[in-house]
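# Coordinates in review
Chain by chain, the residues:
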Amino acid sequence: MPSPQAVPDILSYAQTSEEQFLRQIFVRDQMAEWSRQPLIMAKADGVYYWDVNGKRYLDGLSGIYVVAVGHNNRRVIEAVRRQLDLLHFSPVMHGTNPPAIQLANLLADLAPGDLSTVKFQCGGSEVTEAAIKLARQYHKLTGAPGKYKIISRYLSWHGSTMASLSASGLKSRKTVNEPLAPGFLHVFPPTCYRCPFGKSYPDCGITCATLINDVIEMEDPATVAAILVEPIGHTGGIIDPPDEYLPILRDICDRHHILLIFDEIITGIGRTGQLFAAETFGVTPDVLCVGKGLGGGYAPLSAMICRRPIAEAFWGPVAENPGFVEGHTNEGNPISCAAGLAVLQEILERDLCGNARVQGDRLRAGFERLAKKHPIIGDVRGRGLFQGIEFVEDRTSKKSFPSKLAIGVRIGRRALDNGLLCRFDPHWIAFGPPLISSAEQIDAMVDILDRSIEEVIAAL
Ligand SMILES: Cc1ncc(COP(=O)(O)O)c(C=O)c1O
């Protein structure tokens, strides 16, 4: 009989911010920089976090666009608890479980058009990866095996697994991992504030969209499987397309029998003021990926939802059709799906999409007010509770600050010091507060940002 082993005493004191303990965990890209002033959260409630030192932060970012229904949401916690008592895991090789079936049916009911068949995974990267595989396998099953190329956009982020990373267009995260997978092409995104074609909306003819048709013609439409886009790009600094952009992409895809995939890992689940950004823009993709807000951070959960005719290609005679060849051990986990069901119930019953629209307008008004006061605000972009600000040295010429100055990072860090969590980058910052945020909380977030900008400008 093996003798029991004592758990090392380290558990009682290894939760500190001392570097000796932080060296045991990879948490983010630049560990040395992070460990100088590590942010370690200890608890959270509503739209607030408290760090291990007891300092309170307004969560202007829903963690990282995840905590849609706020922290410490009792309905979701109780749903997870009940599910834990009943069934916490079921082997995916042998089927699925009741919460997964219920959540798939609820999503099918809520998603626009005939988006109706769902594949669950744990994270965003896994479902964008699945969508890429689905597109390729779909074309193989329907007599177009030569269609394999995926067109996506520069500055995009679709995830860190190899195919989702290959589709991503963010050089800082790609170069270190190259060579990436073959079969991925990139086009320029609709960065209207800095049009890559030197044009101005609305006289531009939406070249950024129409040119994709030329790319497809040049590549040979018989080789292109899918176009993959975030309806509103995040990592390029909140790239909000003109209204015509996504309808043009829909039209191009229909013309060439190419699947249109929306990566709604951030924009989905109410963030833009509708449950899906597909509704905000009035365009139904062939495949829609959601993540982050779906599990609300209560459990890892993401979903790929595809249109009925696509799903039907995977229901064929057993001898000829292998089904959708894609799977992970923890997909459709019952606890995650129970969390997802409770999150959606909260959003629907409390009309949190409506609140995202109202508070989104308030946030925009707040940012516009700051833009009148601070000439370093060059542009304000985004929709609903997903909006950002680009900083410039000169508003007239749109000249950026030197990258080394990292103005957005300075402002974001200052905001953290002042008790506000937001997303920051050298040239921009973004807010994505919980959908439950009140008018007072949105105002408080804008006020802290205002103060933080003032302090950083004064110190320049
Ligand atoms: C638009 C988008 N797609 C995909 C992903 C990848 O999701 P995950 O980090 O959950 O794998 C992210 C993550 O931030 C994202 O923002």
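To be clear, the structure that these remarks concern was listed above.
Report follows, based on the coordinates. (Residues numbered from 1 in each chain as written. Predicted model: local features only at pLDDT ≥ 70, side-chain atom pairs only at ≥ 80, totals over all residues. Heavy atoms only, no water.)

### Details of the pattern of salt bridges
- For the structure shown, the criterion picks out 27 salt bridges.
- Asp 254 is the salt-bridge partner of Arg 250, the closest N and O atoms lying 2.7 Å from each other. Here Arg 250 and its partner Asp 254 are both found in helix α10 (residues 245–256), four residues apart, which amounts to about one turn of the helix.
- For Arg 250, a relative accessible area of 14% translates into the label buried. (Salt bridge = Lys/Arg side-chain N within 4 Å of Asp/Glu carboxyl O. Helix = DSSP H or I, 4+ residues; strand = E, 2+ residues; numbered from the N terminus. Buried < 20%, exposed > 50% of the residue type's maximum accessible area, 1.4 Å probe, protein only.)

### Considerations on the layout of surface pockets
- Its volume calculated, the second largest pocket comes out at about 860 Å³.
- Along the wall of the second largest pocket there are 30 residues; nearest its centre are Thr 117, Val 118, Lys 119, Trp 315 and Phe 324.
- Contributing elements (two or more residues each) for the lining of the second largest pocket: α5 (98–110), β4 (115–121) and β10 (302–307).
- Here the lining of the second largest pocket is built from residues that sort into 16 nonpolar, eleven polar and three charged. (1 Å grid on protein atoms, 1.4 Å probe; cavity = no way out; pocket = protein on both sides within 12 Å on 5 of 7 lines; lining within 4 Å. Points joined across faces, edges and corners; volume = space filled by probe spheres on them. Nonpolar A, V, L, I, M, F, W, Y, C, P; charged D, E, K, R; others polar.)

### So, empty space enclosed by the protein
- Enumeration over the complete set of coordinates arrives at one cavity of 30 Å³ or more.
- Its boundaries defined by the atoms lining it, the largest cavity holds a volume of some 90 Å³.
- Contributing to the lining of the largest cavity are 13 residues, with Cys 192, Cys 195, Pro 196, Cys 204 and Cys 208 lying nearest its centre.
- Class assignment for the residues of the lining of the largest cavity results in nine nonpolar, three polar and one charged.

### Here we look at the site of the ligand
- As a matter of local geometry, the ligand sits amid Gly 123, Gly 124, Ser 125, Trp 157, His 158, Gly 159, Glu 230, Asp 263, Ile 265, Ile 266 and Lys 292.
- Note that a nitrogen atom of the ligand is positioned 2.7 Å from one of the side-chain N or O atoms of Asp 263.
- Relative to its unbound accessible surface of 390 Å², the ligand loses 77% to contact with the protein.
- Here the residues of the shell around the ligand sort into three nonpolar, five polar and three charged. (Near = heavy atom within 4 Å. Polar contact = N/O pair within 3.5 Å; in protein donor to acceptor, adjacent residues only side chain to side chain. Areas by Shrake-Rupley, 256 points an atom, 1.4 Å probe, with all protein chains shown as cover.)

### What about unusual backbone geometry?
- Each neighbour pair has its own omega, and for Glu 178 with Pro 179 the value is 5°, a cis peptide bond.
- Position of Pro 179 relative to the elements: it lies in the loop between α8 (171–174) and β6 (184–187).
- Of note, the bond from Tyr 201 into Pro 202 is cis; its omega dihedral lies within 30 degrees of zero at 5°.
- By the secondary structure assignment, Pro 202 is in the loop between β6 and α9 (207–219).
- At Asp 351, a position not held by glycine, the phi torsion is positive, near 45°.
- You can see Asp 351 is positioned in the loop between α13 (334–349) and α14 (352–373).
- The class for Asp 351 is partly exposed, based on a relative accessible area of 44%.

### Regarding helix α15 (residues 407–417)
- Those residues of α15 that fall on the buried side of the exposure criterion are Ile 407, Gly 408, Val 409, Ile 411, Gly 412, Ala 415 and Leu 416.
- Against the buried residues of α15 lie β3 (56–59), β12 (386–391), β13 (420–421), β14 (423–424), β15 (428–431) and α16 (439–459).
- Phi turns positive one or two residues past the end of α15, at Gly 419, with a value near 90°. (Contact = heavy atoms within 4.5 Å.)

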